[in-house]
Amino acid sequence: MTANPLLDATGVAKNYGAVAALRNASLSVLPGEVHALMGANGAGKSTLVKILTGAIRADAGRILIRGEARDVRSPAAARRAGLLPVYQEPSLIPDLDVLSNLRLTGTPVEPFRAWVRELGIPDLDIRDTARDIPLAVLRVLDLARALAVEPDVLLLDEMTAALPANLAEKVLEVVRRQGDSGRAVIFISHRFVEISALCDRATVLRDGETVGVVDIVPGVEEKIVELMLGARIVKTHVAARGASRNAATGRPRLGVRNLRVGTKLNDVSFDLADGEVAGVVALEGQGQDELFSALAGSIRPSGGTIEVDGQPVKFSHPIDAIRAGLAYVPGDRAEALAMQRSVRENIALPFSAALRNWGPINMRQERARVVSAIERLQIDTRAQGEVQRLSGGNQQKVTIARWIAADARTILCFDPTRGIDVGTKQEIYKLLRELAGHGKSVLFYTSELEEVQRVCDRVIVIFGGRVVDIFPVEETDEPALMRAAYGLPRGAKADVGILADPTANISDSTTPVAAP
Amino acid sequence: MSISAIQPVPFGRRLKRFMADRPLIPLIILLVILVVILQVLRPGIVNERWIANTIKFAIPLAILAGCQTMTMLTGGIDLSVGTVATMSAFIMATQVVNQDPAVAFLLAMMPAVLIGLVNGIGVGVFRVHPLIMTLGTSLIGTGCLQVYQRTVIASGAKIPDFLAWLGTGVTYGFPNALLLFVPLAALIVFTLSRTGFGRLLYAVGDSERATRLSGVQYWQVITALYVISSVLAGVTGLLYIGLIKAPSLSLAEPLVLPSVAAAVIGGTSIFGGRGGYTGTIIGALILTVLTTLLTILQMPEGARRILFGLIVLFVTAAYLRIVEER
C-alpha cells in the first residue's frame, strides 16, 4: 500500500431525480494491480464506471489520477487521462471495416495487430466489415483496440462474458500481464473463478456505497457475499404457503427440456407445476432474458423443447404462447403498454387481438372485466386517460392486470418490481401468491434476491446460460441464494470455497450439464 | 384537494384546459372565423347554395382524409389514394358505356382492392415504409391507367346518371352526397372507437411491440387497414367523377396532399396513436373554405399556393400548441 494509487476516486455520488444511484462510492487502484469491482445488481457498478470514463458526470466526489485532481468531462478526456473502458456491448461501428474503426479513434494499427495476435486471433483481416465479425471476436478486438493505446488504467466490464473458453483464457492471461507490467486493470465480473485467478484486491459496492475493499485470498468469497448483502443477511420471513401445492397432479403445467437460444441460453430444463411460483435466480445477462422471450413466443429457441400440459409446443408468435395460456409480463413497462392509451384499453388489449374479435366491442362486458381486474390490483385510476401519466408501480399493475382480466393460466413475470415503490411491491408479491393459490402458475425472475424468499416455492438458478441448481425455497436464505447466483456451490462454506481450488469447474459441483 | 379546486384558476389556463379536453372546439371556432372573414370580404356570399357547394366539395376530401386518418393512426400514410380514386373513376366512366353499371362498378373497384392488398402486404409483411410502399403502388397504378387508356378503350366515356345525381344533386337544400357520407363517417367513427379493429389501429400506432406481446398479429391489422383505405378511396373516386364530370388521368391526384393536411389539422398525429375522424372532417371543411377564400381574393395562382401552405402550417402548429397539454 506504499505506492501512490494510479486512480483514486472518493465520495462519488450521483442522483437521477430522487433516486440515488451512487451515494458515497470510492475506488482506489494501485499501479500493477488487477482490481475487481463487485456488487449485486443495482449496487451502482455501472454508474461508477460511467463516471470514471466520462460518460456521465458525478454530482459530488473527487477523482484523482496519478495524484492529480482531474475533471473527467467526456470519454475523450478520460482517454487523455489514460483511462480506457471496454464495455459489454461491442463498440466498433458495424458498417465500417476494422481499419476505418481504428482510424476513427486514432488507434495505431501495428500495435493493434500485435495485440490481436496475442489475444489468440491469428487470421484477422482488418478490411473485414465489423458487422460480419462474430460477437466474441468483436469483444476481443475492442480489448485489443484499448490495449494498443497503452492505457494506464484499463476498465473491463464483464470482459469474458460470451467468450468461448480458449479466447477467455488468452484474455485473462493478457489482463494479468497488464497488471504485472505496472499498469492497472479494473475488472468487473460476476465470476468468482476469474476473480480469484486474476485479481489482487476487490472493492465491493452496495446500495451506491463502497462497503469494503478486500484482498483476494482463498476463502474470501464468503466475505464478499456478506459485504454485498450487508445487514440484510437475516433470513427473511417465508410466506405461509404450500397448502395449494398438490404434488400428485403428475403432469407439470410447463416443461422446459434442454432449451437453447443462440449462445446465451445453453441448456435449460425445469418444470413448473400448477399452483406454484417458481423463482428464477440469475445475475444480469445469464440467459434469463432469452429464456423468458422464448417461453413468451417472442424469439424461437435454437434447440430443446417446451411442453405445455405435457404436449410439446412450438411458438412462432406471442399469440401462440397466449393461446397456450402463457402470458408474459416484460420487465420494461414501456415494452408492454400503449402509453398514450387509457388504462381500460391497455387492459383490454389482448381481447381484441384475434381476428374474430375485431368486430364491435361489448362495452358493458369489457368494462366489467376491466373494472374487476383494476379492483383486484387496486390500480389508482385517477389518471386513467393515458397510461403514461400513471406512476411506475401503477403502470406495472396494468401490465399484470391485463393477464388477470384475460385469465391466463401461467404468468411469466420478468422482474416486475424493478423501480417501483415498496408498497406496490408488497401488493405484487401478494397477488402472485394469490394467483398460485387459485391454481395458476407463475415463473418469476427478479433481480432482488430477497423477493425470491417472499414469493417463490422453488428456486431455479441459472448461471452462464445453464440451470445450475433447483431447490425448494425453504432450504435457503439470502446468502445462499447470492452464492448460488454467483455459481458457487450451495451450502458450501468458506472452507470448501472455490477459491481454494481454482481448477474447480462451477458446473461440476452442481447439476450435471453438458461440457462446453 | 377541495381547496385547490375552489381557488380561481387563471382564465387563460382554464380556457386552455377546456380546449385540451375538447380538441374539436378550437377547430370549429377556426372554421367559423374563416366563414365570417369570407362573409366580410364578400357580403352575401354565405348562403344556402354556397354551403351546399362547400359540403359537396369537402366530402371527397373528407373521405380521402379518412383513409389518411386511419393509416396515420398506425404510424403509416396512404399516398396511393389519389391514384386509386382516379383509377376507379376512370374505369367506371369508360366501362359503363358498354357494360351493365353493376359490372362496371365491380371492374372499377378491382384495382382498388388489389392496390390495397399489395400496400398492406408490403407494409405489414415485408415492412416496407408506408410512404415508399404507397408511393410506389401509386406510380404503378398511374402507369397501368395510361396503358389502359391507350389500349383497352375504344369508346368514349360517360358519367352514369346515378353518380352525377349523387355527386352534384341537392335535395331540399341538402347535397345528395351526404346520403353516402353520413353513414360512412358514422361507420368510421364507430369503427375507431367501438370495435376491436379500431382499438388495434390506435394500439399498433402507439407501440407495436406492446400489441405483439398482447398477441396482435401486425400483418393482419395492416393488411386489412390498407385494403379498407383503398376501397374507401375507390368509392371516393366514383363520387368525385360525379362531381367533376370530366374523367382524366389525374382526376383525384390534387386531393392527396390536402387529404393528409386535413387529417393533420384535424389533430391526428402522423407518428401514430393519436387522433380521430371527427376532427378530420372539420379539417376537410376548413381546407375547403380556405380554398374558396383564397380564390375570391383573386390573387395570382402562385401567391395563392404560398398563402395556402403558410396557413396550413400555421394552423397545424397553433392547434397542436393549444391541444397538447404540457
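Residues numbered from 1 in each chain as written. Chains lettered and ligands numbered in written order. Predicted model: local features only at pLDDT ≥ 70, side-chain atom pairs only at ≥ 80, totals over all residues.

An unreviewed UniProt entry annotates chain A as ABC transporter related protein of Mesorhizobium metallidurans STM 2683. In its Sequence similarities (unreviewed entry) section, the UniProt record describing chain A reads: "Belongs to the ABC transporter superfamily." (UniProt positions renumbered as here; feature names shortened; annotations may be inferred.)

**Student:** Quick rundown of the overall build of chain B? Include the residues and the values.
**Tutor:** Helix and strand counts for chain B stand at 15 helices and 2 strands. Expected size for 326 residues packed as a compact globule is a radius of gyration near 20 Å; at 21 Å, chain B falls within 12% of this value. Along the longest, intermediate and shortest principal axes, the C-alpha atoms of chain B span 80 × 60 × 40 Å. Expressed as a percentage of its 326 residues, the buried residues of chain B come to 47%. Considering only residue pairs separated by 6 or more positions, chain B has 77% of its internal contacts joining residues 24 or more positions apart. (Helix = DSSP H or I, 4+ residues; strand = E, 2+ residues; numbered from the N terminus. Rg over C-alpha atoms; globule rule 2.2 N^0.38 Å. Buried ≥ 20, exposed ≤ 12 C-beta atoms within 10 Å, placed from the backbone. Contact = placed C-beta atoms within 7 Å.)

**Student:** So, the domain arrangement of chain A: which residues are in play, and what are the values?
**Tutor:** Here chain A is described as being made up of domain 1 (7-82 + 151-229) and domain 2 (254-486). No other element matches helix H8 (residues 220-229) of chain A, which puts 3 residues into the side of domain 1 of chain A that touches domain 2 of chain A. (Domains from an automatic or database assignment.)

**Student:** Please provide a residue-by-residue account of the nonpolar core, values included.
**Tutor:** Residue and element names in this part refer to chain A. Counting residues in each nonpolar core, the largest one holds 243 residues, and the members touching the most others are Val281, Leu412 and Phe444. There are two domains that each give this core at least three residues, and those are domain 1 (7-82 + 151-229) and domain 2 (254-486). Once you skip the residues sitting within four places of it in the chain, Phe444 turns out to touch Val277, Ala278, Gly279, Val280, Cys413, Leu432, Val455 and Cys456. (Core = buried A, V, L, I, M, F, W, Y, C linked by C-beta atoms within 7 Å.)

**Student:** Give a description of the confidence of the model for chain A that names residues and reports values.
**Tutor:** Residues and elements named next belong to chain A. Of the residues in chain A, 90% reach a pLDDT of 70 or more, and the chain-wide mean stands at 83. Low confidence marks residues 242-248, where pLDDT is under 50. Its contacts with residues over four positions away, or in another chain, come to 8 contacts. Taken together, the stretch residues 493-516 has pLDDT below 50 and engages in 43 contacts with residues farther than four places along the chain or on a different chain. (pLDDT = per-residue confidence, 0-100.)

**Student:** An account of the packing of helix H13 (residues 363-377) of chain A against helix H14 (residues 392-405) of chain A is needed here, citing residue identities and associated values.
**Tutor:** How two helices pack is summed up by the angle between their axes together with the distance between the axes. Residue and element names in this part refer to chain A. For the pair H13 and H14, the least separation of the axes is 9 Å and the interaxial angle reads 130°. Overall, the two elements H13 and H14 adopt an arrangement that is oblique. In the crossing of H13 with H14, the sense of the turn from one axis to the other is right-handed. Contacts between H13 and H14 pair Arg369, Val370, Ala373, Ile374, Arg376 and Leu377 from the former with Lys397, Ile400, Ala401, Ile404 and Ala405 from the latter. Considering only residue class, the contact of H13 with H14 consists of 8 nonpolar, no polar and 3 charged. (Axes fitted to C-alpha atoms, helices over the stretch in contact; angles between N-to-C directions. Parallel < 35°, antiparallel > 145°, perpendicular 65-115°, else oblique. Left-handed = near helix turned anticlockwise from the far one by under 90°. Nonpolar A, V, L, I, M, F, W, Y, C, P; charged D, E, K, R; others polar.)

**Student:** Could you give an account of the interface of chain A and chain B, naming the residues involved and the relevant values?
**Tutor:** Each side of the interface is counted separately: chain A has 25 residues, and chain B has 22 residues. A total of 4 residues in the side of chain A that touches chain B trace back to one element, the largest contributor, which is helix H12 (residues 343-352) of chain A. Of the residues in the side of chain A that touches chain B, the class split is 17 nonpolar, 5 polar and 3 charged.

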